[in-house]
2 protein chains.
Amino acid sequence: MTAYDDLMAYTRDTQALGQVAGRLGWDQETVMPRGAAPQRSEEMAAMETVLHARRIDPRVAGWLAEIDDSTLPAVAAAQMRHIRRSYERTSKVPAALATRLAKLTSAAQGIWAEARSADDFKAFAPTLAEVIMLKREEGQALAAGGDVYDAMLADYEPGTTAADLDAMFGAMRPVLSDLRAAVRAAPAPAQLTGTFDEGAQMKLTRQLAKTFGYDMARGRVDKAVHPFSSGSGLDVRITTRTNPADPFNCFYSTIHEVGHATYEQNIDQAYLLTPLGGGVSMGVHESQSRIYENQIGRSRAFTGWLFGQMKDAFGDFGIQDEEAFYGTVNRVNAGYIRTEADELQYNLHVLMRFDLERALMTGDLQVSDLEAAWNDRFEADFGYAVDKPSNGVLQDVHWSVGLFGYFPTYSLGNVYAGCLNEAMRAALPNLDAELAKGDTSSATTWLRDNVQTHGGLYEPRDVITRAAGQTPTEAPLLAYLKEKFSGIYKL
Amino acid sequence: MTAYDDLMAYTRDTQALGQVAGRLGWDQETVMPRGAAPQRSEEMAAMETVLHARRIDPRVAGWLAEIDDSTLPAVAAAQMRHIRRSYERTSKVPAALATRLAKLTSAAQGIWAEARSADDFKAFAPTLAEVIMLKREEGQALAAGGDVYDAMLADYEPGTTAADLDAMFGAMRPVLSDLRAAVRAAPAPAQLTGTFDEGAQMKLTRQLAKTFGYDMARGRVDKAVHPFSSGSGLDVRITTRTNPADPFNCFYSTIHEVGHATYEQNIDQAYLLTPLGGGVSMGVHESQSRIYENQIGRSRAFTGWLFGQMKDAFGDFGIQDEEAFYGTVNRVNAGYIRTEADELQYNLHVLMRFDLERALMTGDLQVSDLEAAWNDRFEADFGYAVDKPSNGVLQDVHWSVGLFGYFPTYSLGNVYAGCLNEAMRAALPNLDAELAKGDTSSATTWLRDNVQTHGGLYEPRDVITRAAGQTPTEAPLLAYLKEKFSGIYKL
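The shown structure was predicted, so the numbers you read here are calculated from the model rather than taken from an experiment. Numbers given for residues are sequential positions, taken from 1 along each chain in its written order. By the order in which they are written, chains take letters starting at A while ligands take numbers starting at 1. Totals for whole chains, interfaces and linings use all residues, but because this is a predicted model, local features are given only for residues with pLDDT of at least 70 and pairs of side-chain atoms are given and counted only at 80 or more. With hydrogens and water set aside, each side-chain value is computed from the structure's full complement of heavy atoms.

The set of buried Ala, Val, Leu, Ile, Met, Phe, Trp, Tyr and Cys residues whose side-chain atoms join them within 4.5 Å is what this entry labels a nonpolar core. Burial status follows relative accessibility: with a 1.4 Å probe on protein chains alone, a residue under 20% of its type maximum counts as buried, one over 50% as exposed, and anything between as partly exposed. Phe121(A), Leu128(A), Met172(A), Met310(A), Phe325(A), Leu370(A) and Met424(A) are the most contacted members of the largest nonpolar core, which has 128 residues in total. Any two residues having at least one pair of non-hydrogen atoms within 4.5 Å are treated as being in contact. Beyond its immediate chain neighbours, meaning those up to four positions away, Phe121(A) contacts Leu128(A), Val367(A), Leu370(A), Glu371(A), Pro389(A), Val393(A) and Leu394(A). Ala209(B), Val221(B), Phe382(B) and Leu481(B) belong to the second-largest nonpolar core, a separate cluster that totals 127 residues.

Right, let's talk about the domain arrangement of chain A for a bit. Residue and element names in this part refer to chain A. Domain delimitation follows an automatic or database domain assignment. With domains assigned, chain A is organised as domain 1 (1-92) and domain 2 (104-491). With centres defined by C-alpha atoms, the gap from domain 1 to domain 2 works out at 27 Å. Listed as interface residues are 20 residues of domain 1 and, on the opposing side, 27 residues of domain 2. Put simply, buried area is the surface a 1.4 Å probe can reach on two separate parts but cannot reach once they are joined, added for both. The contact between domain 1 and domain 2 buries some 2200 Å² in all, and 55% of this surface belongs to carbon and sulfur atoms. Whenever Lys or Arg places a side-chain nitrogen within 4 Å of a carboxyl oxygen from Asp or Glu, that contact is recorded as a salt bridge. Counting across the interface, domain 1 meets domain 2 through five salt bridges.

Time to look at helix α10 (residues 247-265) of chain B. Helix length check: α10(B) (19 residues) gives 26 Å between terminal C-alpha atoms against 27 Å at 1.5 Å per residue, within 8%. Counting buried positions along α10(B) gives 18 out of 19 residues, so the element sits mostly inside the fold. Strands here mean DSSP runs of E at least two residues long; helices mean DSSP runs of H or I at least four residues long; both are numbered from the N terminus. For a helix, the expected span equals 1.5 Å multiplied by the residue count minus one.

The next subject is the relation of the copies chain B and chain A. Both copies of the chain are placed relative to one another by a rotation about an axis and a shift along it. Expressed as a screw operation, the relation of chain B to chain A combines 0.0 Å of axial shift with a rotation of 180 degrees, fitting to an RMSD of 0.0 Å. The transformation just described matches what one would write down for a two-fold rotation axis. When the interface residues of chain B are mapped onto chain A, 100% of them are again interface residues, pointing to one common binding face. Least squares is used to superpose the copies, and the fit set is the C-alpha atoms of residues whose pLDDT is at least 70 in both copies.

A common way to report how large an interface is uses the accessible area buried once the components associate. Taken together, the contact between chain B and chain A spans 36 residues of the former and 36 residues of the latter. A buried area of about 2900 Å², summed over both sides, lies between chain B and chain A, and 60% of it is on carbon and sulfur atoms. Per-residue buried area on chain B facing chain A is highest for Pro33(B), Gln39(B) and Glu42(B); these three make up 20% of the total on that side. Where chain B touches chain A, the interface holds eight salt bridges. When the shortest N-O distance is used, the salt bridge between Arg12(B) and Glu42(A) registers 2.7 Å. Here a polar contact is taken to be a pair of N or O atoms separated by no more than 3.5 Å, where protein atoms must pair a possible hydrogen donor with a possible acceptor and residues adjacent in sequence count only if both atoms sit in side chains. At the boundary of chain B with chain A, the tally comes to 16 residue pairs in polar contact (both at pLDDT 80 or more). Looking at the side of chain B that touches chain A, the elements with two or more residues in it are α1 (3-30) and α2 (37-55) of chain B. At ten residues, the largest contribution of residues to the side of chain B that touches chain A is made by α1(B). Residues are grouped as follows: Ala, Val, Leu, Ile, Met, Phe, Trp, Tyr, Cys and Pro are nonpolar; Asp, Glu, Lys and Arg are charged; every other residue, Gly included, is polar. A breakdown of the residues in the side of chain B that touches chain A according to their chemical character gives 18 nonpolar, six polar and twelve charged.

Written as structure tokens, this is what we have:
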């Protein structure tokens, strides 16, 4: 056994244990008896302790010192890139700080939830200030003299800097804000009304999951409060939810999670339980969920097929024809909540969070001024005022649990999806005719072969560049959105 | 922090990780996608490696050397008794032997399953001989000069010796065999016929679980191929199965598993995630499942109530009245399979396995002669011949996975249940009137307070002695069976 073999065997066990911890999370959100919660916290904590001890095990440092990456074949070198990055990240943060952060964010999540229920930002502000202070300290340790926010971003999207995002998002904001205003001034498509049997929703949503290539032999679909995808490799499970008034929430949540889940399922199985065996970054992950959900799932062609499926499942539900249904699916509604936003407005939500969290991190914005800054920015971009903190600055859990540098990956994923969609459409000229028959196989196969199969082999931006045939920019996404919504709203 | 505190904190984490491994087992049998199996093996193996490393961690030896049990309060001393026993057990078996046994039994289970499918004992015999050789070696290491079989028994039933069982089982065998013959010669009660909706079975079985005090807030009931109970403390889940022709299988499997599960749920919560927080032995565990299933669940009083529930659930199902239904529930059928046996014949199955496995272990019986020995003994005790190995020597998985010393705990559990039933009936003179109304609360409360709450606080035999008010013997069980089956069969 070489040092590389030893390290990979060790890493494989760690990956397997990480999958176990992830499965506990799935269990907790789907099947766990409610009275088990206190015991489950201890079980999760014990797993975290084991995983942490493995990350800082001195044997790893020994193997890393012994291995000369330059002598390794490409795949092994890529494995080493991930292992070294993760080990260096852990080594840079003092253990005491990591412990303080873990304790604080665990408590902060509860305090945030209570403050949101009470619609009282002040009840959360001092805790948020503490989280920001410790995250800044962590960021400084990670940046080692470089940009603190870039160091945070590297946790989720290695290779992308705040300056990259500034340029991209700066170009997007006026275009999206203007398009939003024009759309909202135009006559809107019909809204969905009535109620839709939840059992029939689950039946159709399972069919949709299969339609998008989700392998049920290596996954399952359950109901949960929040839709999510969980696990890698041979066991990738998704959840969805049902609401009698809103079947689109069920269907498009499912398609979104299937994008995440098939990414994990379609990675080359040679990488199973290795660092290359998971999606390469949050941005690339989101590109898959978004292109499944939006560029494919909300296309004129696919919604035409879905209209027929819904008529079969629910009978006449008050929408006249495919064309009207396409408008209904893509209707742009006024709203405060990011997770409920349509594909036009969604990025405006993300862009404001990116700017606000960077300002919080540099100290240009104080937590005491955050609520006002949020409300001002929202009104500027959306054209109406936030009515209460739970619809504004308190709506997302992210900051309470220390996720800074995470929000922008949502919009980066949309930008990537725009690039991939352009390239995919060029490669598959008959795609719309297939989607109109409910056949997504050309699209999902193209994404599998050009993006998903690589797992962590290439850097995130390189994955997209190779697949799209050019360096990613916001232009394809903006062109797509302008064309789509100008068509629907007859601008 | 004292050494005791450190050891207990460490042990608590180990217990929590053990619960996680157990939950993976539950997941595998109930909800896991079938394609996940290869990955799951690696996940389980990684968990086992972690648990094993914790068991042999040198810090444990240090704490054990430092702690003087005689200075500890009773509960802490009982914790230490379990911790020391488990540590000594692990230390006595050479690591190389433990590894060889783990690998062999893992392979042997597959070989056994194939041999059973092919009804070919010879295909399994060489593997079984190897398992026996290694188990004997392990037993010698554990016994350190004492009786090898006693050392094996101590893994499942500390404090009970093969000599104890010899005396007990020796007294039981002629009585049970004679009673069996008399019953089989008498006219039999009506058999259940027809089909019973599986959804309605699951509905009634969930009601039965609650009726027997199973706390659904800390548990759940799912379907699986084999009924089992899994987990301790705040998360104890059970499974059951349905067969349209045999609703009793569903109902009595559920009641049996509820006996195991409520034992775990009703242990004093001060012992949560400690060595005292689980059932104290296999025999005591089985006493709870059996007294729930048989002495309570198959009593004249309770079956009278169940008859009404089944009529409500399924309409008229061809059994005339409560009295006839009592006979049908307790009908003694000819059969080869231990797990399908009624409470009269069940122990005859176990007694023969005990004698055979002891002879295998001493070398008095060779594996090459096992099939013939099994068939001879079966015909002697049951009065008819085994038709094929899958109905005989190949029916149980136990020996393939190295479970020697485990079988007798099934009958010991029945003996304990007999003792507990006698004491419980004396303490609760109105019990039958309550059971006739479907109210098991007096019985389950008595068992909770006298047996279950103690968890691992006392030695197994002491738990029963304290609850029953006398040293356990087979007499109450035999008296109960004679009275019950003489009544039903009018002997």
